[in-house]
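# Tertiary structure, described
This is what each chain is made of:
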Amino acid sequence: KMDDLINLEEQDVDLKNGFVNIYCKTNNHENYGLQLTSLPLIPEFEDWYNKLIAIKSYNSLGTRKNNLITYINSPYILKRTNYTNTADDIRVSPNTVLNQINQCCISAGISRISLSKLQQSYKLDMLLGIRKKRRINEYDIKDIIKLVNYNFTSAQSIINFRLFYE
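Summarised in this report is the structure supplied together with it. Keep in mind the model is a prediction, meaning the values are calculated, not measured. (Residues numbered from 1 in each chain as written. Predicted model: local features only at pLDDT ≥ 70, side-chain atom pairs only at ≥ 80, totals over all residues. Heavy atoms only, no water.)

## A short note on the packing of helix α5 (residues 138–148) against helix α6 (residues 155–165)
The following threshold applies: Fitting a line to C-alpha atoms yields each axis, with helices limited to the stretch in contact; the angle taken between N-to-C directions then spans 0 to 180 degrees. The helix and strand labels rest on DSSP assignments: H or I over at least four residues marks a helix, E over at least two residues marks a strand, and numbering proceeds from the N terminus. Should an angle lie under 35 degrees it is considered roughly parallel, over 145 roughly antiparallel, and from 65 to 115 roughly perpendicular; all remaining angles are considered oblique. In this scheme, a crossing is called left-handed if the near helix is turned counterclockwise away from the far one by less than a right angle; it is called right-handed if the turn is clockwise. Every residue pair with non-hydrogen atoms within 4.5 Å of one another is taken to be in contact.
Running from N to C, α5 and α6 cross one another at 110°; their axes reach a closest spacing of 10 Å. Relative to α6, α5 is oriented roughly perpendicular. Crossing hand, α5 versus α6: right-handed. Contact residues: Glu-138, Ile-141, Lys-142, Ile-144 and Ile-145 in α5; Ser-157, Ile-158, Phe-161 and Arg-162 in α6.

As structure tokens, this is what we get:
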């Protein structure tokens with residue numbers, strides 16, 4: 001979910017064991033601080049992560065091409081910039097993340113990537129990883145859906161994902 005992405009902190013990434021831990025960080029929620037899931041890291045993640053953490057500023061795109069955008073120091077992986085004028089929150093807004101994805105796709109000359117399709121592809125990739133080793137069963141499909149959508153409640157999502165896989 002987008003909220004999980006913007007709430008992801010550097011301490012949530014466990015490079016040693018190869019996981020990103022997702023915690024409930026919604027204030028005043030009964031499960032606040034509870035670990036919701038752990039996602040396995042792809043092999044290239046550590047390089048990407050280290051590059052992202054090292055970046056302190058970048059040249060702006062679009063109509064502000066001559067501006068230098070600097071990141072505001074915070075514990076979050078996705079950091080706000082000096083250009084963002086969100087209230088007092090030091091987290092990046094979901095709209096900012098979506099706009100940056102759109103800008104990257106435009107500059108790469110590709111159509112915008114749907115986040116739901118990206119998530120579906122990730123689940124399929126994990127399922128195919130299991131398929132390399134053995135036959136897929138219903139529990140594998142359910143486990144992968146729970147891994148990515150830890151709060152899913154619909155049995156229909158299992159059926160839909162199985163049909164998508166087939």
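## A closer look at the packing of helix α4 (residues 115–133) against α5
In contact at an axis separation of 10 Å, α4 and α5 are set at 140° when each is read in the N-to-C sense. By the angle class used here, α4 and α5 are oblique. Once α4 is placed against α5, the crossing between them reads as right-handed. Residues Gln-119, Tyr-122, Lys-123, Met-126, Leu-127 and Ile-130 of α4 form the contact with α5, whose own contacting residues are Asp-140, Ile-141, Ile-144, Ile-145, Leu-147 and Val-148.

## Side note on the pairing of strand β2 (residues 19–23)
Heads up, the condition is: Only when DSSP finds a minimum of two bridges between them are two strands counted as paired.
Strand direction decides the pairing type here: strand β1 (residues 13–14) and β2, joined by two bridges, are antiparallel. Residue pairing across strands places Val-13 opposite Val-20, the latter belonging to β2. Here β1 hands over to β2 after four residues, with Gly-18 in that stretch at a positive phi of 75°. As defined by bridge partners, β2 adjoins strand β3 (residues 35–40) across five bridges and the pair is classed as antiparallel. For Val-20, the partnering residue across the bridge sits in β3 and is Leu-39.

## Focus: the sheet that holds β1
A sheet is described by the order of its strands in space; here three strands give the open sequence β1-β2-β3, paired in antiparallel fashion. In this open sheet, the two edge strands, each paired with only one partner strand, are β1 and β3.

## Regarding α5
Rules: Throughout this description, buried means an accessible area under 20% of the type-specific maximum (1.4 Å probe, protein chains only), exposed means over 50%, and partly exposed covers the range between. Note that the arc is defined by the directions from the helix axis to the C-beta atoms. Under this definition, polar contacts are N or O atom pairs within 3.5 Å; protein pairs additionally need one hydrogen-donor-capable and one acceptor-capable atom, and for neighbouring residues in sequence, both atoms have to be side-chain atoms.
Asp-140, Ile-141, Ile-144, Ile-145 and Val-148 are the residues of α5 that are buried. Projected onto a plane normal to the axis of α5, the buried residues spread over an arc of 130° and lie on a single side. Contact partners of the buried residues in α5: β3, α4 and α6. Sitting at the amino-terminal end of α5 is Asn-137, which places a side-chain oxygen 2.9 Å from the backbone nitrogen of Tyr-139.

## Digging into the pattern of salt bridges
Here is the rule: Salt bridge, as used here, is a side-chain nitrogen of Lys or Arg placed within 4 Å of a carboxyl oxygen of Asp or Glu.
Tallied over the full model, the rule gives three salt bridges. Across the pair Arg-134 and Asp-140 runs a salt bridge whose closest N-O atoms are separated by 2.7 Å. Since its relative accessible area comes to 7%, Asp-140 is described here as buried. Taking the shortest distance from any N to any O, the salt bridge between Glu-138 and Arg-162 comes out at 3.4 Å. Within this pair, whereas Glu-138 is found in helix α5, its partner Arg-162 is found in helix α6, the two being separated by 24 residues in sequence.

## Observations regarding the packing of aromatic side chains
Quick note on the threshold: What counts as a ring pair is set by centres within 6.5 Å for rings of Phe, Tyr and Trp (its six-membered ring), and what kind of pair is set by the plane angle: stacked under 30 degrees, edge-to-face over 60, tilted for all other angles.
For the structure on display, the rule yields two aromatic pairs. Relative to Tyr-49, the ring of Phe-45 lies with its centre 5.7 Å away and its plane at 20°, an arrangement referred to as stacked. In this pair, Phe-45 and Tyr-49 are both assigned in helix α2 (residues 45–54), four residues apart and thus about one turn of the helix distant. For the ring pair Phe-161 and Phe-164, a centre distance of 6.5 Å and an interplane angle of 25° mean the geometry is stacked. Placement of the pair is Phe-161 and Phe-164 together in helix α6, with a separation of three residues, close to one helical turn.

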